[in-house]
Amino acid sequence: MPAALPLDLLPRAPLHHSFCHELAPGAHLLDAGCGEGQDARHFQQSGYVVSAIEVDITLARRASRHAELPVRVGDISTLHTVVPFDGIWACDLLPHLPACQRALMLTRLAALLKSGGILYCNLPLGERLILPAESDRPEAEARMDADELALLSSHSLHLIRQWQAPLPPEPETRIWRHLLLRKG
């Protein structure tokens with residue numbers, strides 16, 4: 001039985017549930033850009049094998065203490081692994097990248113996933129996985145368009161589900177687009 005969520009993670013429970021629902025018990029997960037490690041800790045306490053990486057050394061140290069697991073300091077683009085991951089939690093990773101680098105990051109994340117693996121990622125509502133075409137209007141919001149679907153397909157990533165919701169602990173007035181993808 002999964003451990004009870006700490007109060008600071010209760011608002012994220014629906015996101016965790018959507019991701020974990022697609023995974024086998026004991027799956028090996030990567031928390032890509034783990035921040036202070038709250039999500040990594042939750043997944044570990046829920047019975048998953050968790051690896052974590054964080055580019056900021058101060059955050060990585062905090063995450064290591066908070067989650068009680070080693071956190072690799074570095075950029076996800078330099079991560080190498082012999083065994084691909086069953087799932088990758090990339091919460092708030094893509095928004096920190098310029099739009100022109102998001103496709104490269106998706107390439108990297110897909111390469112780290114095993115066939116059938118699950119990727120969770122998110123973007124602020126109105127932002128896209130790739131640079132918008134000249135004809136795109138800014139008000140084209142939360143639906144996956146043909147260019148984005150083609151990008152995902154080129155990496156053998158397929159949309160399982162997308163939805164709009166706040167990203168706790170941010171204000172409820174800021175809405176995000178959440179994507180759940182499967183490789184293969």
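Cut-off values and rules
Residues numbered from 1 in each chain as written. Predicted model: local features only at pLDDT ≥ 70, side-chain atom pairs only at ≥ 80, totals over all residues. Heavy atoms only, no water. Phe/Tyr/Trp six-rings, centres within 6.5 Å; stacked < 30°, edge-to-face > 60°. Helix = DSSP H or I, 4+ residues; strand = E, 2+ residues; numbered from the N terminus. Lys NZ or Arg CZ within 6 Å of the ring centre and 35° of its normal. Core = buried A, V, L, I, M, F, W, Y, C linked by side-chain atoms within 4.5 Å. Buried < 20%, exposed > 50% of the residue type's maximum accessible area, 1.4 Å probe, protein only. Axes fitted to C-alpha atoms, helices over the stretch in contact; angles between N-to-C directions. Parallel < 35°, antiparallel > 145°, perpendicular 65-115°, else oblique. Left-handed = near helix turned anticlockwise from the far one by under 90°. Contact = heavy atoms within 4.5 Å. Nonpolar A, V, L, I, M, F, W, Y, C, P; charged D, E, K, R; others polar. Arc of directions from axis to C-beta. Polar contact = N/O pair within 3.5 Å; in protein donor to acceptor, adjacent residues only side chain to side chain. Pairing = 2+ DSSP bridges.

Participant: I keep staring at the packing of aromatic side chains and nothing clicks. Help me out?
Facilitator: Note on aromatic pairs: each is described by the distance of the centres and the angle between the planes. Inspection of the entire model under this criterion finds 5 aromatic pairs. Aromatic pair Phe43 and Trp89: ring centres 5.1 Å apart, planes at 70°, arrangement edge-to-face. One end of the pair, Phe43, is in helix H2 (residues 38-45); the other, Trp89, is in strand E4 (residues 85-90), with 46 residues separating them in the sequence. Clustering of aromatic rings is evident, with ring pairs tying together Phe19, Phe43, Trp89, Tyr120 and Trp163. Between Arg161 and the ring centre of Trp163, over which it is positioned, the NZ or CZ distance is 4.1 Å.

Participant: I tried to follow the nonpolar core on my own but got confused; where do I start?
Facilitator: Side chains of a nonpolar character, in soluble globular proteins, are inclined to be buried together. If you look at the biggest cluster of nonpolar residues, it comprises 27 residues, and the most contacted ones within it are Leu30, Ile76, Ile88, Leu109, Leu119 and Leu129. Secondary-structure elements contributing two or more residues to this core are strand E1 (28-32), E4, helix H4 (99-112), strand E5 (113-124), helix H5 (146-154) and strand E7 (175-183). At 5 residues, the largest contribution of residues to this core is made by H4. Formed by 26 residues, the second largest nonpolar core is a distinct cluster that contains Cys20, Val50, Ala63 and Trp163.

Participant: Would you explain the packing of helix H1 (residues 13-20) against H2 in this entry?
Facilitator: Packed helix pairs are specified by the crossing angle of their axes together with the interaxial distance, meaning the distance between the axes. Running from N to C, H1 and H2 point in directions that differ by 55°, and their axes come no closer than 12 Å. Put simply, H1 runs oblique to H2. As for the relative orientation of H1 and H2, their crossing is right-handed in sense. Side by side, H1 and H2 meet where His16, Phe19 and Cys20 of the first sit next to Asp39, His42 and Phe43 of the second. For the contact of H1 with H2, the class distribution of residues is 3 nonpolar, 2 polar and 1 charged.

Participant: Where do I start with unusual backbone geometry in this structure?
Facilitator: Leave glycine aside and you will find that most residues have negative phi; peptide bonds, for their part, are mostly trans. Phi angles above zero are rare outside glycine, and Glu68 is one such case at about 55°. Within the secondary structure layout, Glu68 lies in the loop between helix H3 (57-67) and strand E3 (71-73). Not every positive phi belongs to a glycine, and Asp92 is a case in point at roughly 70°. Summarising the element assignment, Asp92 is placed in the loop between E4 and H4. On the accessibility criterion, Asp92 (23% relative accessible area) is partly exposed.

Participant: Explain H3 to me, please; I cannot follow it from the model alone.
Facilitator: Those residues of H3 lying buried are Ala60, Ala63 and Ala67. The buried residues of H3 occupy an angular sector of 60° when the element is viewed end-on, so they sit on one face. Exposed residues on H3 whose side chains face more than 90 degrees from its buried face are Arg61 and Arg65. Taken together, the buried residues of H3 touch H2, strand E2 (49-54) and E3. If you check the start of H3, you find a side-chain oxygen 3.0 Å away from the backbone N of Thr58, and it comes from Asp56. Positive backbone phi, at 55°, marks Glu68, one or two positions downstream of H3.

Participant: Which parts of the structure should I look at to understand the sheet that holds E5?
Facilitator: The strands making up a sheet associate through hydrogen bonds between their backbones, and the pairing can be parallel or antiparallel. Here we have 7 strands laid out as an open sheet, ordered E3-E2-E1-E4-E5-E7-E6, and mixed in their pairing. On the outer flanks of this sheet lie E3 and strand E6 (157-166), each paired with one strand and no other. Within this sheet the neighbouring strands show an average axis-to-axis angle of 15°, counted without direction. Pairing of E6 with E7, which is carried by 9 bridges, proceeds in the antiparallel orientation. Across the sheet, Gln164 pairs through a bridge with Arg177, a residue of E7.

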